[in-house]
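Topology and contacts: notes
One letter stands for each residue in the lines below.
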Amino acid sequence: MRNQLGKKIPLIIKIAPDLNEEEMKDIAKVLIRNNKKIDGLIVSNTTISRPSYLKSEYKNESGGLSGRPLKKASTEALKKMYELTNGKVTLIGVGGIESGHDALEKIKSGATLIQLYTSMVFEGPIIVNKIKRELIELLRKEGYSNVSEAIGLDAKKN
């Protein structure tokens, strides 16, 4: 389909944080091939796991869990995919981003871009301005002149 359109339309896939290391390695191998057809990776989709600290009366319902409870697992998966792809693949960090601090954590874990969903559901589109303002302030405070300087810094420490 992409070839028929006469222009390159990016193909980005989304993975779950529930993948094991072998599954992540297999995905990374496809992403870094010379003849790859996939342009980026969204890390991560919802999780089917249920952390023990959940307090909601709905905590045992089936389906994907998103937002704050997903943050730690999605950030660890992001770091792992950054490492496995040698930082050569566009990674989109998602999962539990509610502040500029959360956004910077995803960026330092390897995200080139971030995606919001749950925080927008609860806070509305105004959350975007809040996150951008806080992110700019944090970047300046930490001495970065450009967001690209922070990409993958925490993943490189591992």
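Here is what the cut-offs are and how they apply
- Residues numbered from 1 in each chain as written.
- Predicted model: local features only at pLDDT ≥ 70, side-chain atom pairs only at ≥ 80, totals over all residues.
- Heavy atoms only, no water.
- Patch = residues over 30% accessible without salt bridge, like charges linked within 9 Å, V, L, I, M, F, W, Y side chains within 5 Å.
- Areas by Shrake-Rupley, 256 points an atom, 1.4 Å probe, with all protein chains shown as cover.
- Salt bridge = Lys/Arg side-chain N within 4 Å of Asp/Glu carboxyl O.
- Helix = DSSP H or I, 4+ residues; strand = E, 2+ residues; numbered from the N terminus.
- Core = buried A, V, L, I, M, F, W, Y, C linked by side-chain atoms within 4.5 Å.
- Buried < 20%, exposed > 50% of the residue type's maximum accessible area, 1.4 Å probe, protein only.
- Contact = heavy atoms within 4.5 Å.
- Expected span 1.5 Å × (residues − 1).
- Axes fitted to C-alpha atoms, helices over the stretch in contact; angles between N-to-C directions.
- Parallel < 35°, antiparallel > 145°, perpendicular 65-115°, else oblique.
- Nonpolar A, V, L, I, M, F, W, Y, C, P; charged D, E, K, R; others polar.

The subject of this paragraph is a nonpolar patch on the surface. The grouping of Tyr 117, Val 121 and Phe 122 at the surface amounts to a nonpolar patch, some 410 Å² of accessible area in total. Locating Phe 122 in the fold gives a position in helix H4 (residues 118–123).

This part is about the nonpolar core. Formed by 29 residues in total, the largest nonpolar core has its most connected members in Leu 41, Val 43, Met 81 and Leu 91. Residue assignment for this core shows that the elements contributing at least two residues are helix H1 (21–31), strand E2 (40–43), helix H2 (71–84), helix H3 (100–108) and helix H5 (126–141). Among residues more than four places away in sequence, those in contact with Met 81 are Ile 15, Met 24, Ile 27, Ala 28, Leu 31, Leu 41, Val 43 and Leu 91.

If you check H2, its first and last C-alpha atoms are 20 Å apart, about what 14 residues at 1.5 Å a residue would give, namely 20 Å. Across the 14 residues of H2, ten count as buried, placing the element largely inside the fold. Considered for burial, the residues of H2 that qualify are Lys 71, Ser 74, Thr 75, Ala 77, Leu 78, Lys 79, Lys 80, Met 81, Tyr 82 and Leu 84. For H2, the elements touching its buried residues are strand E1 (12–15), H1, E2, strand E3 (90–94), H3 and helix H6 (153–156). One or two residues past the end of H2 sits Asn 86, with phi positive at roughly 55 degrees.

Before going further, it helps to examine the side chain of Thr 85. Position of Thr 85 among the secondary structure elements: in the loop between H2 and E3. Accessibility expressed as a relative area gives 0% for Thr 85, which makes it buried. Discounting chain neighbours no more than four positions away, the residues touching Thr 85 are Ala 28, Leu 31 and Ile 32.

As a further point, take the packing of H2 against H3. Two numbers describe how H2 lies on H3: the axes approach to 9 Å, and their chain directions differ by 30 degrees. The angle between the axes of H2 and H3 places the two elements in the roughly parallel class. Of the residues in H3, those touching H2 at Lys 71, Ser 74, Thr 75 and Leu 78 are Asp 102, Glu 105 and Lys 106. By residue class, the composition of the contact of H2 with H3 is one nonpolar, two polar and four charged.

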